[in-house]
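Commentary on secondary and tertiary structure
Letter by letter, the chains look like this.
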Amino acid sequence: MALTVDEVKEIASHPQWVSVAESLPLTKKSLISDLDSMRQQCGEFARAVIEVAVARKSAATKLPGTWIMSSEAAQQATPYLVAVARARRLRDTGLSSFADVTCSIGTEVAALSDVGLPAIGSDIDAARIEMARHNVPGSRFLLADALAPAYDADVIIADPARRAGGRRIARPEDLLPPLPDLISAWSGRQLAIKCAPGLDFSEWEGEVALASVDGAVKEACLYTPGLALQARGRQVTRSALVIETVGKRDPLDLDATTVTRYDDTMDDDCDVRAAGRYIVDPDGAVVRAGLVRHFAAAHGLWQLDERIAHLSGDRLPEGVSGFEVIEQVGLKQVRKSLAALDCGAAEILVRGVDVNPDVVRKQWKLRGSKALAVVITRIGKTATAFICHPRAKG
Ligand SMILES: C[S@@+](CC[C@H](N)C(=O)[O-])C[C@H]1O[C@@H](n2cnc3c(N)ncnc32)[C@H](O)[C@@H]1O
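Residues numbered from 1 in each chain as written. Predicted model: local features only at pLDDT ≥ 70, side-chain atom pairs only at ≥ 80, totals over all residues. Heavy atoms only, no water.

**Section: the overall build of the protein chain**
Along the protein chain, the regular secondary structure elements total 13 helices and 21 strands. Its C-alpha atoms give the protein chain a radius of gyration of 24 Å, within 12% of the compact-globule value 21 Å for 394 residues. If one aligns the C-alpha atoms of the protein chain with their principal axes, the spans along those axes are about 65 × 55 × 35 Å. When the accessible surface of the protein chain is summed, it comes to about 18500 Å², and 49% of that surface belongs to carbon and sulfur atoms. In the protein chain, 48 positive and 51 negative side-chain charges are present, and the distance between their average locations comes to 7 Å. (Helix = DSSP H or I, 4+ residues; strand = E, 2+ residues; numbered from the N terminus. Rg over C-alpha atoms; globule rule 2.2 N^0.38 Å. Areas by Shrake-Rupley, 256 points an atom, 1.4 Å probe, with all protein chains shown as cover. Lys, Arg positive; Asp, Glu negative; His and termini not counted. Charge placed at Lys NZ, Arg CZ, Asp CG, Glu CD.)

If you want it as structure tokens, here you go:
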């Protein structure tokens, strides 16, 4: 549910309202009684206050807990850790003026400001600009169309909206604003444009930088050549930033996480051979960036098949998760094997084979007492399954 400019202004001047709402259950079942209770405190603004409290709860591991946001804006926002990682690499370019032309609630501007880079934010949605002003005090925010440049900066950051009417967008020209129009509106500037990870970036001449947090791929960011990283004497064209917060104290503090970067200037020399003791399913950012071989070479792993992203090794590299193999069987033998091993629950991973994990899980009728994992993959033309111990971390 969207917020209006007036609602944002009222909530910003009554911060105690959201604090009170945050102490309510805020579940689907409690919604009516939560609304009744907030109406006594803040009258007509109760719905908006509940909206902000619910949005904060949903974004607790993603965005600062004091921000004003709607659920949709929270869902669209860049995870703060990813925005800070981008801000740091932009700081290292030495360029001096930055603008986020689809700034929404101000996430990128806040991250830039955190690393000491003043930035302007603009958006076509007045309520979001009002939220950004509250969330990032001291920064400049303007109501402006990203397709009609109203100001200038060395680096333009943009994050076109990826959903329309709840539908996922698959074509760059369907993004809001459309990607080709955005690029032509700001031609001549250095660009950092966030996109859905699933789009086809094969034509992009700069760097396509994938980022994941705790195994979930969050974005692909397109950097023009002037912003692309240089490594080993070459321009990086594909990179993957793998951020792990699990077990760390503060999900908003990048320095309290483990950050690993892979790119296509790294060595990609790895073997293709039969499985060793472990199967490793590389992080989604590595896979989407096309850096599976680089990842394998960096960790002393090898491929099971040169076209499939499942890797193998005789030990788990530090910080990398994988599965210790119990046995390798044909797909038709999996059910019998799992029963013999007393399996009652299985994590199922599939690559290169047309198998739906939910469907096979039902077919296997697991009734045992042990948790196991099944990695279904293709080697050459043959589908095969590895029955494994549960996921472990090196
Ligand atoms: C995915 S959100 C951006 C999220 C932001 N990067 C963050 O981390 O919070 C996309 C934003 O683009 C804005 N937008 C859509 N079309 C626009 C246009 N033509 N000009 C400026 N902003 C636009 C939307 O209002 C929305 O706030």
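Still more ground to cover, so stick around.
**Considerations on the packing of aromatic side chains**
For the structure on display, the rule yields 4 aromatic pairs. Aromatic pair Tyr262 and Phe295: ring centres 5.2 Å apart, planes at 55 degrees, arrangement tilted. Of this pair, Tyr262 sits in strand 13 (residues 258-263) while Phe295 sits in helix 11 (residues 292-299), placing them 33 residues apart in sequence. Residue Tyr262 is classed as buried on the basis of its relative accessible area, which comes to 5%. According to the relative accessible area criterion, Phe295 is buried, its value standing at 4%. (Phe/Tyr/Trp six-rings, centres within 6.5 Å; stacked < 30°, edge-to-face > 60°. Buried < 20%, exposed > 50% of the residue type's maximum accessible area, 1.4 Å probe, protein only.)

**Notes on the side chain of Ser212**
With respect to the helices, strands and loops of the structure, Ser212 is situated in strand 8 (residues 207-213). Reaching out from Ser212, the side chain makes a polar contact with the side chain of Asp283 at a distance of 2.8 Å. Ignoring anything within four residues of it in the chain, the contact list for Ser212 reads Val217, Lys218, Leu241, Val242, Ile243, Asp283 and Ala285. (Polar contact = N/O pair within 3.5 Å; in protein donor to acceptor, adjacent residues only side chain to side chain. Contact = heavy atoms within 4.5 Å.)

**Focus on the nonpolar core**
Counting 63 residues, the largest nonpolar core has Met38, Val49, Leu63, Met69, Leu90, Ile105 and Leu112 as the members making the most contacts within it. Looking at this core, the element that brings in the most residues is helix 6 (residues 80-91), giving 8 residues. Residue contacts for Met69: discarding those within four places in its chain leaves Leu3, Glu51, Val52, Ala55, Arg56, Ala59, Leu63, Pro64, Ala74, Ile105 and Met131. Formed by 43 residues, the second largest nonpolar core is a distinct cluster that contains Ile169, Leu182, Ala196 and Tyr278. (Core = buried A, V, L, I, M, F, W, Y, C linked by side-chain atoms within 4.5 Å.)

**Considering the site of the ligand**
Near the ligand lie 20 residues; those nearest to it are Thr78, Thr107, Asp123, Ala146 and Asp159. The separation between an oxygen atom of the ligand and a polar side-chain atom of Asp123 is 2.7 Å. Separating a nitrogen atom of the ligand from a backbone N or O atom of Ile124 is a distance of 3.3 Å. Across the complex, the protein chains shield 92% of the 610 Å² of accessible surface that the ligand would expose by itself. A class-by-class count of the residues in the shell around the ligand yields 10 nonpolar, 5 polar and 5 charged. (Near = heavy atom within 4 Å. Nonpolar A, V, L, I, M, F, W, Y, C, P; charged D, E, K, R; others polar.)

**Re the side chain of His310**
Structurally, His310 is set in the loop between strand 15 (302-303) and strand 16 (311-313). A polar contact of 3.3 Å, which involves the side chain of His310, links it to the side chain of Asp281. Every residue in contact with His310, bar those within four places of it in the chain, is listed here: Val280, Asp281, Gln303, Leu304, Leu349, Val350, Arg351, Val375, Ile376 and Thr377.

**So, the pattern of salt bridges**
Under the counting rule described, the total for this entry stands at 24 salt bridges. For the salt bridge of Arg171 with Asp174, the shortest nitrogen-to-oxygen distance reads 3.0 Å. Several salt bridges converge on common partners, so that one network encompasses Arg86, Glu108, Asp159, Lys194 and Glu219. (Salt bridge = Lys/Arg side-chain N within 4 Å of Asp/Glu carboxyl O.)

**A word on the pairing of strand 17 (residues 321-329)**
Strand direction decides the pairing type here: strand 14 (residues 278-280) and strand 17, joined by 2 bridges, are antiparallel. From the neighbouring strand, Ile279 faces strand 17, where its bridge partner is Phe323. Relative to strand 21 (residues 392-393), strand 17 runs antiparallel, the two sharing 2 bridges. In the strand pairing of strand 21, Gly322 is matched with Ala392. Relative to strand 20 (residues 382-388), strand 17 runs antiparallel, the two being bridged by 4 bridges. (Pairing = 2+ DSSP bridges.)

**Structural notes on the packing of helix 2 (residues 15-22) against helix 3 (residues 31-42)**
In contact at an axis separation of 11 Å, helix 2 and helix 3 are set at 160 degrees when each is read in the N-to-C sense. Here helix 3 runs roughly antiparallel to helix 2, going by the angle between their axes. Remark: the crossing between helix 2 and helix 3 carries right-handed chirality. Only Met38, Gln41 and Cys42 of helix 3 make contact with helix 2, whose side of the interface consists of Trp17, Val20 and Ala21. Split into classes, the residues belonging to the contact of helix 2 with helix 3 amount to 5 nonpolar, 1 polar and no charged. (Axes fitted to C-alpha atoms, helices over the stretch in contact; angles between N-to-C directions. Parallel < 35°, antiparallel > 145°, perpendicular 65-115°, else oblique. Left-handed = near helix turned anticlockwise from the far one by under 90°.)

**Structural notes on helix 6**
In this model, helix 6 (12 residues) spans 16 Å end to end at C-alpha, consistent with the 16 Å of a helix rising 1.5 Å per residue. The element helix 6 is largely enclosed, with a buried count of 10 among its 12 residues. Listed as buried for helix 6 are Tyr80, Leu81, Val82, Ala83, Val84, Ala85, Arg86, Ala87, Arg89 and Leu90. (Expected span 1.5 Å × (residues − 1).)

**A few points about unusual backbone geometry**
In the segment running from Leu176 into Pro177, the intervening peptide bond is cis, with an omega of -5 degrees. Relative to the helices and strands, Pro177 resides in the loop between strand 6 (167-168) and helix 9 (179-185). The phi angle at Asp214 is positive, at roughly 50 degrees, despite the residue not being glycine. If you trace the backbone, Asp214 turns up in the loop between strand 8 and strand 9 (216-223). Of note, the phi angle at Lys365 is positive, near 45 degrees, even though the residue is not glycine.

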